[in-house]
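# Examination of the molecular architecture
Chain by chain, the residues run as shown.
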Amino acid sequence: MGAYYDEIEIEDMVWDAEKGVFHYPCPCGDRFEISRRQLADYEDIATCPSCSLITRIIYDPLDFEDEPEEEDDDGAASEENGDSDSDDDDDQAFEDAMDKLTITEDVTPRPVAIAA
């Protein structure tokens, strides 16, 4: 990634329980933000929602290793980059395909028609 505005230690950031993020003042007047889930996923870049500045967060990932999944308002665990239900469906489809997979010892080549 490109240049960071600054490198900030996690101890210098403030926890905002209402928003569920650590924050640190940005020169634009807003604040850099990063969630506990991002830290648990080894993401060390805090972004400012109002400008293009980014900071690198210095922290120990082991401190966030046992971070529980975030929950939506309806109580279901959420995924940041997609719907967890579709991921479950993909996993199930993969498992179904593996169950139906058969490997045979037939090593004789079969002719295949190719259109020119």
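Counting of residues starts from 1 at the beginning of each chain's written sequence and follows it residue by residue. Since the coordinates come from a predicted model, pLDDT governs what is reported: local features require at least 70, and pairs of side-chain atoms require 80 or more to be given and counted, while whole-chain, interface and lining totals use all residues. Note: side-chain values were computed over all heavy atoms of the structure, leaving out hydrogens and water.

### Observations concerning the overall build of the protein
To be explicit about the condition: Starting at the N terminus, helices and strands are each numbered in turn, a helix being any DSSP run of H or I of at least four residues and a strand any DSSP run of E of at least two. Categorising residues by exposure relies on relative accessible area from a 1.4 Å probe, with only protein chains included: less than 20% of the type maximum marks a residue as buried, more than 50% marks it as exposed, and the intermediate range marks it as partly exposed. Here, residues are in contact when the closest pair of their heavy atoms is within 4.5 Å. Here, Shrake-Rupley sampling with a 1.4 Å probe gives the accessible areas, and only protein chains in the shown set may cover a residue.
On a plain count of helices and strands, the protein comes out with two helices and six strands. Counting every position in the protein, which comprises 116 residues, the buried fraction comes to 22%. Across the protein, contacts joining residues at least 24 apart in sequence account for 33% of those joining residues at least 6 apart. About 9,000 Å² of surface is accessible on the protein, with carbon and sulfur atoms providing 48% of the total.

### Some words on the nonpolar core
Under the convention used in this document: For our purposes a nonpolar core is just a set of buried Ala, Val, Leu, Ile, Met, Phe, Trp, Tyr and Cys residues, chained together by side-chain atoms within 4.5 Å.
Counting 14 residues, the largest nonpolar core has Ile10, Met13, Phe22, Ile34, Leu39, Ile57 and Phe64 as its most contacted members. Looking at this core, the elements that each hand over two or more residues are strand 4 (31–35) and helix 1 (36–40). In contact with methionine 13, not counting residues within four places along its chain, are Ile8, Phe22, His23, Tyr24, Phe32, Ile34 and Ile57.

### Considering unusual backbone geometry
One non-glycine residue with positive phi stands out, namely tyrosine 42, at about 65 degrees. Among the secondary structure elements, tyrosine 42 is positioned in the loop between helix 1 and strand 5 (45–47).

### A closer look at the environment of tyrosine 24
Among the structural elements, tyrosine 24 can be located in strand 3 (residues 21–25). Counting along the chain gives 22 residues from tyrosine 24 to alanine 46, while the straight-line C-alpha distance between them is 9.0 Å. The residues touching tyrosine 24, leaving out its near neighbours within four places in the chain, are Ile8, Asp12, Met13, Arg31 and Phe32.

### Observations concerning the pattern of salt bridges
The following threshold applies: A carboxyl oxygen of Asp or Glu within 4 Å of a side-chain nitrogen of Lys or Arg is what we treat as a salt bridge.
A complete count under the given rule lists six salt bridges for this structure. A salt bridge links arginine 31 to aspartate 16; the shortest N-O distance between them is 2.9 Å. With arginine 31 in strand 4 and aspartate 16 in strand 2 (residues 14–16), the pair connects residues that are 15 residues apart, well separated along the chain. Arginine 37 is the salt-bridge partner of aspartate 41, the closest N and O atoms lying 3.1 Å from each other. Residue aspartate 41 is classed as partly exposed on the basis of its relative accessible area of 38%. Within this structure, Asp16, Lys19, Arg31 and Glu33 form a network of salt bridges that share partners.

### Things to note about the confidence of the model for the protein
To keep things clear, this is the line we draw: Per-residue confidence from the predictor is given as pLDDT, running between 0 and 100.
The share of residues in the protein with pLDDT of 70 or more is 64%, and the mean pLDDT across the chain is 77. Note on residues 72–83: pLDDT under 50 across the span, and 13 contacts to partners over four residues away in sequence or across chains.

### With respect to the packing of aromatic side chains
Ring pairs (aromatic) are described by centroid distance and by the angle formed between their planes. This is how the line gets drawn: Centres within 6.5 Å are what make two rings of Phe, Tyr or Trp a pair, Trp counting through its six-membered ring; a difference in plane orientation under 30 degrees is then read as stacked, over 60 as edge-to-face, and the rest as tilted. Only when the NZ of Lys or the CZ of Arg is both within 6 Å of the ring centre and within 35 degrees of the ring normal is a charge said to sit over the ring.
Under the definition given, this model contains two aromatic pairs. When the ring centre of tryptophan 15 is taken as reference, the NZ or CZ atom of arginine 36 above it lies at 5.6 Å.

### Things to note about the environment of aspartate 6
Along the chain, aspartate 6 turns up in strand 1 (residues 6–9). Residues aspartate 6 and isoleucine 54, spaced 48 residues apart in sequence, show a C-alpha to C-alpha distance of 7.6 Å.

### Looking at the side chain of aspartate 16
Selection criterion: Any pair of N or O atoms that falls within 3.5 Å is considered a polar contact. Within protein, one atom must be able to donate a hydrogen and the other to accept it, and sequence-neighbouring residues count only if both atoms are side-chain atoms.
Classification of aspartate 16 by relative accessible area gives buried; the value is 15%. Engagement of the side chain of aspartate 16 in a polar contact is seen with the backbone nitrogen of glutamate 18, the distance being 3.1 Å. Excluding residues that lie within four positions of it along the chain, aspartate 16 makes contacts with Val21, His23 and Arg31.

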